[in-house]
Amino acid sequence: MKLTADYHTHTIFSHGTGTILDNAMVAKQNGLMELAITDHGHGHTVYGIRSKKVPYMKSLCEDATNQTGVKVILGVEANILGVSGKTDMKEIDMENMDIYLAGIHKLITYDKLKEWYLLFAKNFNARHFFKPSESLIKRNTQVYINAIKNNPIDILTHPGFCAFINAYDVAKCCEDYGTIFEIDARKKHLEDDEWESVLKTNVNFVIDSDAHSPEKIGVLGQAESLIERVGIPTDRILNIDGKLPKNMRFQEYKRKM
Ligand SMILES: [Zn+2]
Ligand SMILES: [Zn+2]
């Protein structure tokens, strides 16, 4: 199994260590056809991208495409900001963006303290001190569902990170709305039995490196053993072995804007 494209990579514009060109050069070495630069959304307290830099980032992606022959596209890994499913993707940035990723993260500036309490503090406590309650899982699941329904998200990043969920319900919503469920090469965020429930839906997957340094671009990491162990069918993984995903949601949305 080999990646054709890597749609989730970070650079010095958030907290990655490489430049856009550094990432593109490694993508070329590793035989990728496409690479997405997806730094963190502006709601990330320390690392969030700034709108005034987005046109410059776009021009660097075009330069990197010309220099390497790898199609380098620009996106963002937006933060899901609360129970409403609102994200920090800015409309002003959309013109320069080609792909829309979103996930739940730590260190986010929430609109209200209550959102911080419900989405961060409650999950933190459940991870470190108590077992996750039914109501917590239900609310987290609804957060993802609202985000998927209300935003043209192409790829839901590392589902289960920072939030206990009903993985089947989240994956089913992804399937219904055409959002791709990410297999993160860096870390495991769902248990194997949760992955088995995800496979009961017909959701599609991509494997992303979530690279924070250039040498990780295009690397399969823990995704390879997960896929084998859980039996994720390779025909549902859209960015491997010469394949590229078609009809991504955000491009469709932009065409109608
Ligand atoms: Zn992330
Ligand atoms: Zn990331």
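Look up: the structure comes first, before these words.
What counts and what doesn't
In this numbering scheme, every chain counts its residues from 1 along its sequence in written order. Think of it this way: whatever chain is written first is A, whatever ligand is written first is 1, and the rest follow in order. The predicted origin of the model limits local features to residues at a pLDDT of at least 70 and limits the giving and counting of side-chain atom pairs to 80 or more, whereas totals for whole chains, interfaces and linings rest on all residues. Just so you know, side-chain values use all the structure's heavy atoms and leave hydrogens and water out. Each metal's donors are the N, O and S atoms found within 2.8 Å of it, except that Na, K and Ca use a 3.2 Å limit; water is left out, so coordination can look incomplete. Burial here depends on accessible area, computed with a 1.4 Å probe over protein chains only, as a share of the maximum for the residue type. Under 20% is buried, over 50% is exposed, and the range in between is partly exposed. Each salt bridge in this description consists of a side-chain nitrogen of Lys or Arg and a carboxyl oxygen of Asp or Glu lying within 4 Å of one another. Strands are runs of DSSP state E lasting at least 2 residues, helices are runs of H or I lasting at least 4, and numbering of each runs from the N terminus. Among buried residues, those of type Ala, Val, Leu, Ile, Met, Phe, Trp, Tyr and Cys that are joined through side-chain atoms within 4.5 Å constitute a nonpolar core. In what follows, a contact means two residues having at least one pair of non-hydrogen atoms within 4.5 Å. For patch building, the residue pool is restricted to those with more than 30% relative accessible area and no salt bridge; the joining distance is 9 Å between like charges and 5 Å between nonpolar side chains (Val, Leu, Ile, Met, Phe, Trp, Tyr). Under the convention used here, a 1.4 Å probe and the Shrake-Rupley method define accessible areas, while residue burial counts only the protein chains that appear. Two strands are said to pair when DSSP picks up at least two bridges between them. For helices, the axis comes from a line fit to the C-alpha atoms of the stretch in contact; other axes are also lines fit to C-alpha atoms, and the angle between any two N-to-C directions lies between 0 and 180 degrees.

**A look at the coordination of the zinc ion (ligand 1)**
Ideal geometry at a metal centre: 109.5 degrees between donors when four sit tetrahedrally, and 90 or 180 degrees when six sit octahedrally. In this structure, E77 (OE), H105 (NE2) and H158 (NE2) serve as the protein donors to the zinc ion (ligand 1), at separations of 2.1 to 2.2 Å. Residue classification places E77 among the buried positions, given a relative accessible area of 0%. Here H158 falls in the buried class, since its relative accessible area comes to 5%.

**Description of the pattern of salt bridges**
In this structure the tally under the stated criterion is 9 salt bridges. Between K172 and D176 there is a salt bridge, and its shortest N-O distance comes to 2.8 Å. Of the two residues, K172 and D176 are both situated in helix α6 (residues 167-177); the distance of 4 residues between them amounts to about one turn of the helix. Via salt bridges that share partners, K188, E191, D192 and R229 belong to a single interconnected network.

**Remarks on the nonpolar core**
Counting residues in hydrophobic clusters, the biggest one holds 65 residues, and the most contacted among them are F181, I183, W195, F205 and I232. In contact with W195, other than residues within four places in its own chain, are F181, E182, I183, L190, F205, L226, V230 and I232. Counting residues in hydrophobic clusters, the runner-up holds 11 residues, among them I73, I99, I180 and M248.

**Regarding the environment of D184**
Position of D184 among the secondary structure elements: in strand β6 (residues 180-184). Residues D184 and S209, spaced 25 residues apart in sequence, show a C-alpha to C-alpha distance of 6.2 Å. Excluding anything up to four places from it in sequence, D184 contacts H158, H189, D208, S209, D210 and Q222.

**Describing the side chain of N96**
Turning to its location among the elements, N96 is positioned in the loop between α3 (91-94) and β4 (99-103). On the accessibility criterion, N96 (18% relative accessible area) is buried. Residues in contact with N96, not counting those within four places in the same chain, are V54, P55, K58 and L74.

**Digging into a nonpolar patch on the surface**
On the surface, L113, W116 and Y117 cluster together into a nonpolar patch covering about 360 Å² of accessible area. Its location among the elements puts L113 in helix α4 (residues 113-128).

**With respect to the sheet that holds β6**
Strands sit in the order β1-β2-β3-β4-β5-β6-β7 across an open sheet of 7 strands; the sheet is parallel. For this open sheet the edge positions go to β1 (5-6) and β7 (205-208), each flanked by a neighbour on one side alone. In this sheet, strand β5 (residues 155-156) lies alongside β4 in parallel orientation, the contact comprising 2 bridges. Its bridge partner being in β5, L101 is matched across the sheet by I155. Of the strands in this sheet, β2 (34-40) and β3 (71-79) touch helix α1 (residues 20-29), which is tilted by about 145° from β2.

Remember, this is a structural readout, not a statement about activity or role.
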